[in-house]
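Here are the chains, one letter per residue:
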Amino acid sequence: MVRNATNELLQKAKKSKSDEFYTQLSDIESELQHYKSHFENQVVYCNCDDPRISNFFNYFTSNFKELGLKKIITSCYREQVKNLFNTEEDEKGFFFEYTGTEGEKNKPSSTDLVYFNGDGDFRSSESIELLKQSDIVVTNPPFSLFREYVAQLVKYDKKFLIIGNINAITYKEIFKLIKENKAWLGINLGRGISGFIVPEHYELYGTETRIDNSGNRIISPNNCLWLTNLDNFKRHEDIELTKRYFGNEVQYPKYDNYDGINVNKTQDIPIDYKGYMGVPITFLHKFNPEQFEIIKFRKGNDDKDLSVNGKCPYFRILIKNKRIQTEYIDLTDQER
């Protein structure tokens, strides 16, 4: 019940373009530490962020010289007063640019902002013009517009590191990018993202909510991830395989509607199976494209959900081991 409550609040908030869930600086630091080599001489665009209150802007200005950045651009949907959770909206959005020059403000006031003619929606022509000037987009976009948001990044061939709901990897548009090795999961997901700052009118209840030492109200849905096309170490690490299929066939039932076996946990992927295997979607957090090939998502040969004895397990990704270790197959052949 607690998990459902926090998830419901998160989804409700994400339906607003002015996104009322704010990413904590600690979560940004935890993820961004793994990508520092990508930012030298780059223009970073945070296009869902008010620079007066955004922790993304705070992170990049604080680490501007260390990262070797060229410029930071932040833009915000409509006007907000200088607090996290204003409920009133003006018609104009705005943006701010920071270049790290001596004497430049890294904490802008309202008079430092440049106002759009329009509302500053990331899909607006004014925001797109700023996007074209950028190299890497880093932000927490509205979850309800996640498909459209990622499609825009792909259209304009941008590097990105963004936060989304774990279920986003089940969207056909997002899964296609992962399958084609055009996007992948970041380092942290689930409980690796500690929570989001929410406004006072959001009710806090259950063990997944708290108030931090600064008085911020935090909701931790534990169902979010980072999606990126910036290379990281994790996607080059092999999954250590210790289980075996032959001799344990009963633990790996065949699908009714596809020539493959069902694997309930990533850690249970057998080391000696050459064929197709259906694994949980959480496999993608450990996916090494050099070790495994992604075949398809969820559906069998009849275009219906994969099933075992008439029952459909939760969403499965069909994969194949690229580097089957032949010594194990040889051994099992001898045993048989």
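Residues numbered from 1 in each chain as written. Predicted model: local features only at pLDDT ≥ 70, side-chain atom pairs only at ≥ 80, totals over all residues. Heavy atoms only, no water.

## A short note on the pattern of salt bridges
Taken as a whole and assessed by the stated rule, the structure comprises 16 salt bridges. Residue Lys71 pairs with Glu97 through a salt bridge whose shortest N-O separation is 3.8 Å. Of this pair, Lys71 sits in strand E3 (residues 71-76) while Glu97 sits in strand E4 (residues 94-98), and the two are 26 residues apart along the sequence. A salt bridge links Lys132 to Glu129; its shortest N-O distance comes to 3.2 Å. With Lys132 and Glu129 both in helix H5 (residues 125-133), this residue pair falls three residues apart, about one helical turn. You can call Lys132 partly exposed: its relative accessible area is 44%. One continuous salt-bridge network, built from bridges that share partners, spans Asp121, Arg123 and Glu148. (Salt bridge = Lys/Arg side-chain N within 4 Å of Asp/Glu carboxyl O. Helix = DSSP H or I, 4+ residues; strand = E, 2+ residues; numbered from the N terminus. Buried < 20%, exposed > 50% of the residue type's maximum accessible area, 1.4 Å probe, protein only.)

## Focus: the sheet that holds strand E16 (residues 316-321)
Spatial strand order, E13-E14-E16-E15: four strands in an open sheet with mixed pairing. Across the chains shown, the open sheet's two edge strands, defined by having one partner strand only, are strand E13 (260-262) and strand E15 (292-297). Put simply, the sheet's adjacent strands are angled 35 degrees from each other on average, direction ignored. (Pairing = 2+ DSSP bridges. Axes fitted to C-alpha atoms, helices over the stretch in contact; angles between N-to-C directions.)

## A closer look at helix H6 (residues 146-155)
Restricting attention to buried positions, one finds in H6 the residues Phe146, Tyr149, Val150, Gln152 and Leu153. Across the axial projection of H6, the buried residues extend over an arc of 155 degrees, all falling on one side. (Arc of directions from axis to C-beta.)

## Notes on the environment of Arg217
Relative to the helices and strands, Arg217 resides in strand E11 (residues 217-219). Note on Arg217: relative accessible area 18%, which makes it buried. Along the backbone, Arg217 and Ile197 are 20 residues apart, and their C-alpha atoms lie at a distance of 5.5 Å. Filtering out sequence-adjacent residues up to four positions away, Arg217 remains in contact with Phe196, Ile197, Val198, Pro199, Glu200, Tyr202, Glu203, Leu204, Arg210 and Ile211. (Contact = heavy atoms within 4.5 Å.)

## Things to note about the nonpolar core
Within the largest apolar cluster, 49 residues are counted, with the highest numbers of intra-cluster contacts made by Leu227, Ile269, Phe283, Leu284, Phe292, Ile317 and Ile319. Look past the residues within four positions of Leu227 in its chain and what remains in contact with it is Phe146, Val150, Phe160, Leu161, Ile162, Ile174, Ile178, Ala183 and Trp184. Counting residues in each nonpolar core, the second largest holds 34 residues, with Phe21, Phe39, Tyr59 and Phe143 among its members. (Core = buried A, V, L, I, M, F, W, Y, C linked by side-chain atoms within 4.5 Å.)

## Observations regarding the packing of aromatic side chains
Under the criterion given, the structure shown has 18 aromatic pairs. A ring pair is formed by Phe175 and Phe297, whose centres lie 4.9 Å apart and whose planes are at 35 degrees; its orientation type is tilted. Taken as a pair, Phe175 in helix H7 (residues 172-179) and Phe297 in strand E15 lie far apart in primary sequence, 122 residues in all. Here the two residues Phe175 and Phe297 agree in accessibility, since each one is buried. (Phe/Tyr/Trp six-rings, centres within 6.5 Å; stacked < 30°, edge-to-face > 60°.)

## Details of the sheet that holds strand E7 (residues 159-165)
Pairing is mixed across the open sheet formed by eight strands, whose spatial order is E5-E4-E3-E2-E6-E7-E12-E8. Unpaired on one side and paired on the other, strand E5 (114-115) and strand E8 (184-189) mark the two borders of the sheet. Bridge count for strand E2 (residues 43-46) against strand E6 (residues 136-139) is two bridges, and the pairing is parallel. Counted as the bridge partner of Val44 is Ile136 from E6.

## Description of the layout of surface pockets
Approximately 210 Å³ is the volume attributed to the largest pocket. Taken together, 13 residues line the largest pocket, and the ones lying closest to its centre are Pro51, Arg52, Asn58, Asn106 and Lys107. Residue composition of the lining of the largest pocket, grouped by class: four nonpolar, six polar and three charged. By volume, the second largest pocket amounts to about 180 Å³. If you go around the second largest pocket, the residues you meet are Leu153, Val154, Asp157, Lys158, Lys159, Phe160, Leu177, Lys182, Trp184 and Asn229. Of all the secondary-structure elements, those providing two or more residues to the lining of the second largest pocket are H6 and E7. (1 Å grid on protein atoms, 1.4 Å probe; cavity = no way out; pocket = protein on both sides within 12 Å on 5 of 7 lines; lining within 4 Å. Points joined across faces, edges and corners; volume = space filled by probe spheres on them. Nonpolar A, V, L, I, M, F, W, Y, C, P; charged D, E, K, R; others polar.)

## Looking at the side chain of Ser307
Mapped onto the elements of the fold, Ser307 is located in the loop between E15 and E16. On the accessibility criterion, Ser307 (10% relative accessible area) is buried.

## Here's the deal with the pairing of E8
Of all six residues that make up E8, five are buried, and the element is covered over most of its length. When E8 meets strand E12 (residues 224-228), the two strands line up antiparallel, connected through three bridges. Across the sheet, the residue bridging to Trp184 is Thr228, located in E12.

## Here's the deal with the packing of helix H2 (residues 25-32) against helix H3 (residues 55-62)
Closest axis-to-axis distance for the H2/H3 pair is 9 Å, and the angle between their directions is 50 degrees. One element, H2, and the other, H3, form an angle in the oblique class. In the crossing of H2 with H3, the sense of the turn from one axis to the other is right-handed. In this structure, H2 contributes Leu25, Ile28, Glu29 and Leu32 to the contact, and H3 contributes Asn55, Phe56, Asn58, Tyr59 and Phe60. Taken together, the residues of the contact of H2 with H3 sort by class into six nonpolar, two polar and one charged. (Parallel < 35°, antiparallel > 145°, perpendicular 65-115°, else oblique. Left-handed = near helix turned anticlockwise from the far one by under 90°.)

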